[in-house]
Amino acid sequence: MSTLGIVNSDPEIKKSVEYSFQQIPNHNYDLIFLSEDVEILEFFNYALPELVIINFSDPKINIEGIIEHIKDDKWILNFGIIGLYSHDTDTEEALIKKYKSINILTLLDNYRFKTHLVKSIQIIEQNYQIIFQREFTKTLLEGASGSFIIHNDLLAVPLYSGIGATILVQRGLLNPDSKMHLQLALAELIVNAIEHGNCGISYDEKTKALDEGISAIDLITEKCKNPETAAKKVIFNWEIKKDTSIFIIQDEGKGFDVKAHLEKINNQDKYSLHGRGIKMAASFFHELKYNATGNQVALIVKHDISVEHEVPVGFSREQIVVVKKGDVVLREGEPSDYLYYISSGTFEVLHNNQPVGTLSPQDIFMGEMSFLLNQRRSATIKAKSQGKLILLTQKTFINVIREYPHYGIFLSKLIAKRLVRSNEQTAAQLSK
């Protein structure tokens with residue numbers, strides 16, 4: 001059973017969360033409700049959860065202190081977050097901007113979390129490996145892809161766009177400062193596919209409805225009374241390539257005059273509620289292009305190779321080593337009395353002068369196996385780009401573990417996951 005921490009002191013929200021999980025048949029979660037700062041931090045440090053629910057509008061919890069703790073140790077506390085908030089005190093966009101450096105998968109206000117918490121959990125479960133797989137190497141990342149089928153439900157859209165943005169930030173391919181822009185742009189493009197594509201709501205029809213105080217959700221609900229419209233889906237595909245990631249959103253509508261629509265958006269009032277996602281995507285990302293019919297749009301995002309992973313608080317006083325392309329960082333056969341924490345850069349692994357893999361910040365450490373086993377280096381590691389490393393000697397590492405014992409738990413889990421993955425790969429080879 002997976003442990004799910006819920007940071008919240010509001011008894012009504014607790015009841016609603018418990019009720020929501022009762023609606024999930026045979027769910028695999030042990031719900032742990034946390035309201036005291038000390039117990040929250042201990043849970044984060046030692047349970048090392050992969051998913052947490054946080055009530056960001058809870059006045060009785062030191063949310064700012066909790067978030068700072070997560071940011072300080074983000075290499076460990078890299079869990080996905082479902083955020084709850086009060087519509088009376090906060091807004092979704094403000095929270096996304098304020099907490100851009102942590103992994104918020106979706107935000108649910110007090111009007112919709114009762115209806116969409118279960119749906120959000122189920123979507124996350126279906127895409128578990130995409131969201132929580134941390135130990136990717138660069139070679140595994142190349143060619144990675146995924147696909148979501150989205151129903152005509154605007155309230156579920158932020159979760160899909162949140163996963164899309166989180167995928168790149170977690171893997172060090174997108175600067176966290178750009179996460180909000182990507183998340184909002186993807187959400188707006190998916191919303192367009194639902195509204196204008198599947199439901200056939202025209203630009204003028206939506207404008208008139210908004211002027212009359214009719215929400216887009218109400219418009220879509222009305223359109224989906226037609227079974228043919230209700231059955232339509234949006235396909236959201238993504239693919240991570242070597243230098244770029246591509247997000248493709250396709251609806252089942254008839255399409256539209258792309259050129260005329262883009263001209264209308266460019267000429268509209270800057271405060272208009274229309275077209276924000278298209279403008280944002282075009283402004284902040286590499287390329288936005290539609291197919292000829294207008295029922296498919298591709299957003300191409302260039303990877304940011306300058307992104308650095310924040311140094312864990314326990315390593316913040318240690319020696320920083322800056323390397324340039326071509327530098328030999330570790331040499332096969334030499335003593336292994338230190339290891340590196342990888343902050344930035346990509347590194348080639350060579351055994352007997354033959355390339356056998358690639359390391360990046362997603363691998364977290366470099367040289368840890370021979371270091372822990374007190375053996376000589378089993379491979380040479382050479383920088384493929386400029387990078388930054390944190391040098392950790394045996395004495396330093398032991399002292400850090402003493403001061404931050406949960407680092408030891410995390411390292412044990414990291415090695416255990418790699419061992420499981422190695423065993424699975426071996427089993428797959430033997431079964432062929």
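The structure presented is a predicted model; accordingly, all values stated were derived computationally and were not measured.

What counts as what
Residues numbered from 1 in each chain as written. Predicted model: local features only at pLDDT ≥ 70, side-chain atom pairs only at ≥ 80, totals over all residues. Heavy atoms only, no water. Phe/Tyr/Trp six-rings, centres within 6.5 Å; stacked < 30°, edge-to-face > 60°. Helix = DSSP H or I, 4+ residues; strand = E, 2+ residues; numbered from the N terminus. Lys NZ or Arg CZ within 6 Å of the ring centre and 35° of its normal. Salt bridge = Lys/Arg side-chain N within 4 Å of Asp/Glu carboxyl O. Buried < 20%, exposed > 50% of the residue type's maximum accessible area, 1.4 Å probe, protein only. Polar contact = N/O pair within 3.5 Å; in protein donor to acceptor, adjacent residues only side chain to side chain. Patch = residues over 30% accessible without salt bridge, like charges linked within 9 Å, V, L, I, M, F, W, Y side chains within 5 Å. Areas by Shrake-Rupley, 256 points an atom, 1.4 Å probe, with all protein chains shown as cover. Pairing = 2+ DSSP bridges. Axes fitted to C-alpha atoms, helices over the stretch in contact; angles between N-to-C directions.

Draft legend 1. Up close: the packing of aromatic side chains. One pass over the full model with this rule turns up 14 aromatic pairs. Seen in terms of ring centroids, Phe148 and Phe236 are 5.6 Å apart; in terms of plane orientation they differ by 50°. Their pairing is tilted. Taken as a pair, Phe148 in strand β6 (residues 145-150) and Phe236 in strand β7 (residues 234-240) lie far apart in primary sequence, 88 residues in all. One aromatic cluster in this structure is built from Phe315, Tyr341, Phe365, Tyr404 and Tyr407. One Lys or Arg, Lys14, reaches over the ring of Phe33 and ends 5.2 Å from the middle of that ring. Above the plane of the ring of Tyr338 lies Arg377, whose end atom (NZ or CZ) is 4.9 Å from the centre.

Draft legend 2. Fine view of the pattern of salt bridges. With the rule as written, the count across this model stands at twelve salt bridges. One salt bridge in this structure joins Lys98 and Glu64, with 3.0 Å as the shortest N-O distance. Taken as a pair, Lys98 in helix α4 (residues 92-98) and Glu64 in helix α3 (residues 63-72) lie far apart in primary sequence, 34 residues in all. The class of Lys98 is exposed, set by a relative accessible area of 52%. Among the salt bridges present, the one from Glu334 reaches Arg377, with a minimum N-O distance of 3.9 Å. With Glu334 in the loop between β12 (328-330) and β13 (338-344) and Arg377 in the loop between α15 (368-373) and β17 (380-383), this pair connects stretches of sequence that are 43 residues apart. On the accessibility criterion, Arg377 (4% relative accessible area) is buried.

Draft legend 3. The side chain of Thr380, seen in detail. In this fold, Thr380 is placed in strand β17. For Thr380, a relative accessible area of 15% translates into the label buried. From its side chain, Thr380 meets the backbone nitrogen of Glu332 in a polar contact 2.9 Å long.

Draft legend 4. How the structure looks around a nonpolar patch on the surface. A contiguous nonpolar patch, built from Met369, Leu372 and Leu373 and spanning about 280 Å² of accessible area, is present on the exposed surface. In this structure, Leu373 sits in helix α15.

Draft legend 5. How the structure looks around the sheet that holds β12. A sheet is described by the order of its strands in space; here four strands give the open sequence β12-β17-β14-β15, paired in antiparallel fashion. Lying at the two open borders of the sheet, with one neighbouring strand each, are β12 and β15 (354-359). In this sheet, neighbouring strand axes are inclined to one another by 35° on average, regardless of whether the strands run parallel or antiparallel. Bridge analysis of strand β14 (residues 347-351) against β17 gives four bridges, and the strand direction is antiparallel. When the bridges of β17 are listed, Leu350 appears paired with Thr380.

Draft legend 6. Molecular detail of the pairing of β7. Only one face of β7 is covered, namely the face carrying Val234, Phe236, Trp238 and Ile240; the face carrying Ile235, Asn237 and Glu239 is uncovered. Taken together, the six bridges between β6 and β7 define a ladder with antiparallel strand orientation. Bridging from a neighbouring strand, Gly146 pairs with Trp238 of β7. Linking β7 back to strand β8 (residues 244-250) in an antiparallel pair, the connection comprises three residues.

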